[in-house]
Amino acid sequence: TGGKGGAKQTQKRRAAAEEDQLDWALVEELQEFVPDVKKKSVDQINKLLRYDLHRFKCFKQQGVSLRRGRCSQEENQRIRENVADFLALTGLSSANQLLFPQRFKEEEAEIKKLRARHHFLEKIAEGIPRTCHQVHTRAKKMFDDRNHMGRFSEEEVRSLTKLQNLHGNDWKTIAEKMDRSVYALQKRFANIAAGRGSWSPDEESRLKQALKAHLEVLVQQSPAGSGLSRDQLCNNLPWKEISQQVGTRSWGQCRLKWFTILKLKLSSGVSTFNRGAEGLQAKIHLINTLYNMRVDDAADIDWDKVAQTVGKVTSVCVQKSFHRLKVSRVPNWTSLSFGG
């Protein structure tokens, strides 16, 4: 125990020393663009300062706001162009070589040198108002051929369970051993590990307790008597931590269950998009709200704003209702663009 305690103390001292070395004047500048920056680790802050602060300032001068949430078709296309430009610049033969150098053992060192020499992260994020880390993560999802290998066999599921027991959530190691992408493995394991079917009263109680602990902190930080906003109840919740506290459900299941609970609370137990006259009016209101936003790409829809305009609903509720309307009422909707 003494050994473990000593190691923890050493880690704390190291973290404190790293924190002292931060340029807090620059962190204050960064906070304008990343409001929760001070809650991030020293390593994350250093990366934002090194790769992103100067980019964010340039975007501000150009009048371009930083983007969050799902990438638009335009952003995805820009990532493809940036990756193609970087391949042409370095002479590398494929996006997989560029984005996953660890899979090419003989060339790995040379690929990493080329990435460092030509400022890989900034280059692939060029013209995209997001952090370099977010763009890099998106590029890996787009180009990873191991992401599209079809269903997991029974043998793969057994191997995945065994390796996760052995390595915990070290998905990078598990991915190397299984020749599948990190994202595919995480998604598949979430389905294996999570409970199925209806939530038990005990599970729901654990979910509410976990959320209560987080929301109470927000209440303490809010001005006296102001209560919590819908934004605080819906967004930036620590779902992975909450899932761990629930213990039997994935973070995605926890999130959806919470939005179901919120939906009932907001609408006093009556569904806003019901089959009656009120439900029909709510659907018409939803369609008009989306039409009046004049956006060409579904990724540009501000669902929180839509939810507030429609009324006693959450952003997840309006997204689900819009999806159901498309599927049931719009022929060939998958082949149509949003703005078209």
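Scroll up a little and you will see the structure.
First, a word on what this report is: a plain description of the structure on this page. Owing to the predicted nature of the structure, the values given are computational and were not obtained by experimental measurement.

### Some thoughts on the packing of aromatic side chains
No. 1: Inspection of every chain in the model, using the stated rule, returns 4 aromatic pairs.
No. 2: Aromatic pair Phe86 and Phe120: ring centres 5.6 Å apart, planes at 70°, arrangement edge-to-face. Of this pair, Phe86 sits in helix α4 (residues 73–90) while Phe120 sits in helix α7 (residues 120–124), and the two are 34 residues apart along the sequence. Both residues of the pair, Phe86 and Phe120, count as buried.
No. 3: Considering the side-chain rings of Trp303 and Phe322, the 6.1 Å spacing of their centres and the 45° angle between planes classify their relative orientation as tilted. Separated by 19 residues along the polypeptide, Trp303 in helix α17 (residues 303–310) and Phe322 in helix α18 (residues 315–329) bring together distant segments of the chain.
No. 4: The class for Trp303 is buried, based on a relative accessible area of 15%.
No. 5: Judged by relative accessible area, Phe322 falls into the buried class, the value being 15%.

### Regarding the pattern of salt bridges
No. 1: Counted by the stated rule, this structure contains 18 salt bridges.
No. 2: Its salt-bridge partner being Arg130, residue Glu75 comes within 2.8 Å of it at the nearest N-O pair. Taken as a pair, Glu75 in helix α4 and Arg130 in the loop between α7 and α8 (132–143) lie far apart in primary sequence, 55 residues in all.
No. 3: A residue is classified by how much of its surface remains accessible, and Glu75, at 6% relative accessible area, is buried.
No. 4: Residue Asp145 is joined to Arg103 by a salt bridge in which the shortest nitrogen-to-oxygen separation is 4.0 Å. Here the residue Asp145 occupies a position in the loop between α8 and α9 (154–167), and Arg103 occupies one in the loop between α5 (95–99) and α6 (108–117), the gap between them amounting to 42 residues.
No. 5: For Asp145, a relative accessible area of 49% gives the class partly exposed.
No. 6: In this structure, a network of salt bridges that share partners links the residues Arg67, Glu75 and Arg130.

### Topic: helix α12 (residues 201–221)
No. 1: Look at α12: 30 Å from first C-alpha to last across 21 residues, which is about the 30 Å you get at 1.5 Å a residue.
No. 2: When we look at burial in α12, the residues that qualify are Glu203, Leu207, Ala210, Leu211, Leu215 and Leu218.
No. 3: The inward-facing, buried residues of α12 contact α13 (230–234), α14 (239–246) and α15 (251–266).

### Things to note about unusual backbone geometry
No. 1: Of note, the phi angle at His119 is positive, near 55°, even though the residue is not glycine.
No. 2: As for its position among the elements, His119 is in the loop between α6 and α7.
No. 3: Despite not being glycine, Asn236 shows a phi value in the positive range, around 55°.
No. 4: Residue position: Asn236 is located in the loop between α13 and α14.

Cut-off values and rules
Residues numbered from 1 in each chain as written. Predicted model: local features only at pLDDT ≥ 70, side-chain atom pairs only at ≥ 80, totals over all residues. Heavy atoms only, no water. Phe/Tyr/Trp six-rings, centres within 6.5 Å; stacked < 30°, edge-to-face > 60°. Helix = DSSP H or I, 4+ residues; strand = E, 2+ residues; numbered from the N terminus. Buried < 20%, exposed > 50% of the residue type's maximum accessible area, 1.4 Å probe, protein only. Salt bridge = Lys/Arg side-chain N within 4 Å of Asp/Glu carboxyl O. Expected span 1.5 Å × (residues − 1). Contact = heavy atoms within 4.5 Å.

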